[in-house]
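Architecture at a glance
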Amino acid sequence: MKPSRDISGLIEIMAALRHPETGCPWDIKQDFSTIKPYTIEEAYEVADAIERNDPEDLCDELGDLLLQVVFHARMAEEQELFSFEDVVEAITRKMIRRHPHVFERSDADTPDKVKAQWAEIKAEEKRERALRRAARGLPETETPGQLTGVPRALPALMEALKLQQAASQVGFDWGAAGPVLDKIEEEISELRAEIASGETDKAAGELGDVIFAVANLARHLKADPEDALRSTNTKFRTRFAHVEAGLAKQGKTPNEATLEEMEALWQAAKSPS
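What this report covers is the structure whose coordinates are included nearby. (Residues numbered from 1 in each chain as written. Predicted model: local features only at pLDDT ≥ 70, side-chain atom pairs only at ≥ 80, totals over all residues. Heavy atoms only, no water.)

**Here we look at the overall build of the protein**
To keep it simple, the criterion reads: Strands are runs of DSSP state E lasting at least 2 residues, helices are runs of H or I lasting at least 4, and numbering of each runs from the N terminus. Between the two quantities, the radius of gyration covers C-alpha atoms and the globule rule is 2.2 Å times the number of residues to the power 0.38. Per-residue accessibility, obtained with a 1.4 Å probe over protein chains only, is compared with the maximum for each type, and a residue is labelled buried under 20%, exposed over 50%, and partly exposed between these values. Note on contacts: a residue pair is in contact if any heavy atoms of the two residues lie within 4.5 Å. Lys and Arg are tallied as positive, Asp and Glu as negative. Neither His nor the chain termini are counted. By convention, the charge on Lys lies at NZ, on Arg at CZ, on Asp at CG and on Glu at CD.
For the protein, the count of helices and strands is 12 helices and zero strands. Relative to the compact-globule value of 19 Å for 273 residues, the protein shows a C-alpha radius of gyration of 25 Å, a clear excess of over 25%. Counting only C-alpha atoms and orienting by the principal axes, one finds that the protein spans roughly 65 × 55 × 45 Å. Across the 273 residues in the protein, those meeting the buried criterion constitute 20%. A sequence separation of at least 24 residues applies to 46% of the contacts in the protein between residues at least 6 apart. The averaged location of the 52 negative side-chain charges in the protein is 4 Å from the averaged location of its 35 positive side-chain charges.

**With respect to the side chain of His72**
Spelled out, the test is: Here a polar contact is recorded for every N or O atom pair within 3.5 Å, except that within protein the pair must consist of a potential hydrogen donor and a potential acceptor, and residues adjacent in sequence are included only if both atoms are side-chain atoms.
Note that His72 resides in helix H4 (residues 55–78). His72 sits in the buried class, given a relative accessible area of 19%. A distance of 2.9 Å separates a polar atom in the side chain of His72 from a polar atom in the side chain of Thr39. For His72, the residues in contact, after removing those within four places along its chain, are Phe32, Ile35, Lys36 and Thr39.

**Observations regarding unusual backbone geometry**
Although it is not a glycine, Asn53 adopts a positive phi angle of roughly 55°. Examined against the element boundaries, Asn53 turns out to sit in the loop between helix H3 (32–51) and H4. We note that Glu80 has phi near 60°; this positive angle belongs to a residue other than glycine. Position of Glu80 among the secondary structure elements: in the loop between H4 and helix H5 (84–98).

**Concerning the nonpolar core**
Selection criterion: What is meant by a nonpolar core is a set of buried Ala, Val, Leu, Ile, Met, Phe, Trp, Tyr and Cys residues, joined one to another through side-chain atoms within 4.5 Å.
Judged by nonpolar contacts, Met14, Ile35, Val70, Phe71, Ala73, Met75 and Phe84 together constitute the single largest core of seven residues. Core analysis: the next-biggest nonpolar cluster, separate from the first, contains six residues, Val243, Leu247, Met262 and Leu265 among them.

**Some remarks on helix H9 (residues 177–197)**
Quick note on the threshold: What a helix should span is 1.5 Å times the count of its residues minus one. What the arc measures is the spread of directions leading from the helix axis to the C-beta atoms.
For H9, spanning 21 residues, the distance from its first C-alpha to its last is 31 Å, which sits close to the expected 30 Å at 1.5 Å a residue. Of all the residues in H9, the buried ones are Val180, Ile184, Glu187, Leu191 and Glu194. Along the axis of H9, the buried positions cluster into a sector of 85°, meaning they face one direction only. Set apart from the buried face of H9 by more than 90 degrees, the exposed residues are Glu185, Arg192 and Ala196. Those residues of H9 hidden inside the fold are in contact with helix H10 (200–220).

**Topic: the packing of helix H8 (residues 156–168) against H10**
Note the threshold: Between N-to-C directions, angles span 0 to 180 degrees; the directions come from axes that are lines fitted to C-alpha atoms, helices contributing only their stretch in contact. Convention used here: angles under 35 degrees read as roughly parallel, angles over 145 as roughly antiparallel, angles from 65 to 115 as roughly perpendicular, and any remaining angle as oblique. Left-handed describes a crossing whose near helix is turned anticlockwise from the far helix by less than a right angle; the clockwise case is right-handed. In this classification, the charged set is Asp, Glu, Lys and Arg, the nonpolar set is Ala, Val, Leu, Ile, Met, Phe, Trp, Tyr, Cys and Pro, and all remaining amino acids, among them Gly, are polar.
For the pair H8 and H10, the least separation of the axes is 9 Å and the interaxial angle reads 60°. It follows that H8 is oblique to H10 by the angle criterion. Crossing of H8 over H10 shows right-handed handedness. Contacts from Leu157, Ala160, Leu161, Gln164, Gln165 and Ser168 in H8 reach Ile211, Phe212, Ala215, Asn216 and Arg219 in H10. Along the lines of polarity and charge, the residues of the contact of H8 with H10 split into six nonpolar, four polar and one charged.

**Quick look at a nonpolar patch on the surface**
Rules: Only residues whose relative accessible area exceeds 30% and that form no salt bridge enter a patch; like-charged residues are grouped when within 9 Å of one another, and nonpolar side chains (Val, Leu, Ile, Met, Phe, Trp, Tyr) when within 5 Å. Accessibility throughout is a Shrake-Rupley quantity obtained with a 1.4 Å probe, and a residue counts as covered only by protein chains that appear here. The salt bridge definition used is simple: a Lys or Arg side-chain nitrogen within 4 Å of an Asp or Glu carboxyl oxygen.
The grouping of Ile7, Leu66 and Val69 at the surface amounts to a nonpolar patch, some 190 Å² of accessible area in total. As for its placement among the helices and strands, Ile7 is situated in helix H1 (residues 7–17).

Structure below.
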């Protein structure tokens, strides 16, 4: 089998990898749940390539993400649920339906009108999906309400931000950052109490409350908490590399160094040169 620009080649490769007798042992034993983490990871690697402004990596990572779609579609086809072609048909139908100002007749001639039209069509699609679920005897996924439009499948930090944004639309919000800081301090006090009590499960719950409150503070500061944390992660990488380089000059590895030695190098990395 040779590389190809035709999507059918990739579909054939995945079918070969999943062949129960001649396929790859690892690929054969996978299912939707085991592949899910890789799908999320590949989406983040696409975002990383965009942030680094690296088009070559972006091309490569988009291929990895496309592979995830083909992988899920192949597993679904094996279970006679749907095929890759069904996935393509579904998204093309959705895009045509959501862009009547392009493919049909519509008065949505400004970005704001397009956004409002998009929301209206999505709401209609959601109602239709609910009717189809009801016809199959499936229950509603959640009780309708102000937070209904926030997907549960989002990364937790992004979900927290969107939940807070939705609640703020009906006035359930603080008017400034100050009270949010007070709330963070309150949640930290409760976390300290649970840690002191030795209640690990309750401490984990309080930790979640702290993170949720910090995400809310980011919103009030008009900062994206995901971007803020990613920036800190980058800073941590740089400073820890400085620690490793400093230890290497002493003929040591981090495993051979004391915490005090590493902390001194860390503080040096923080100091402006």
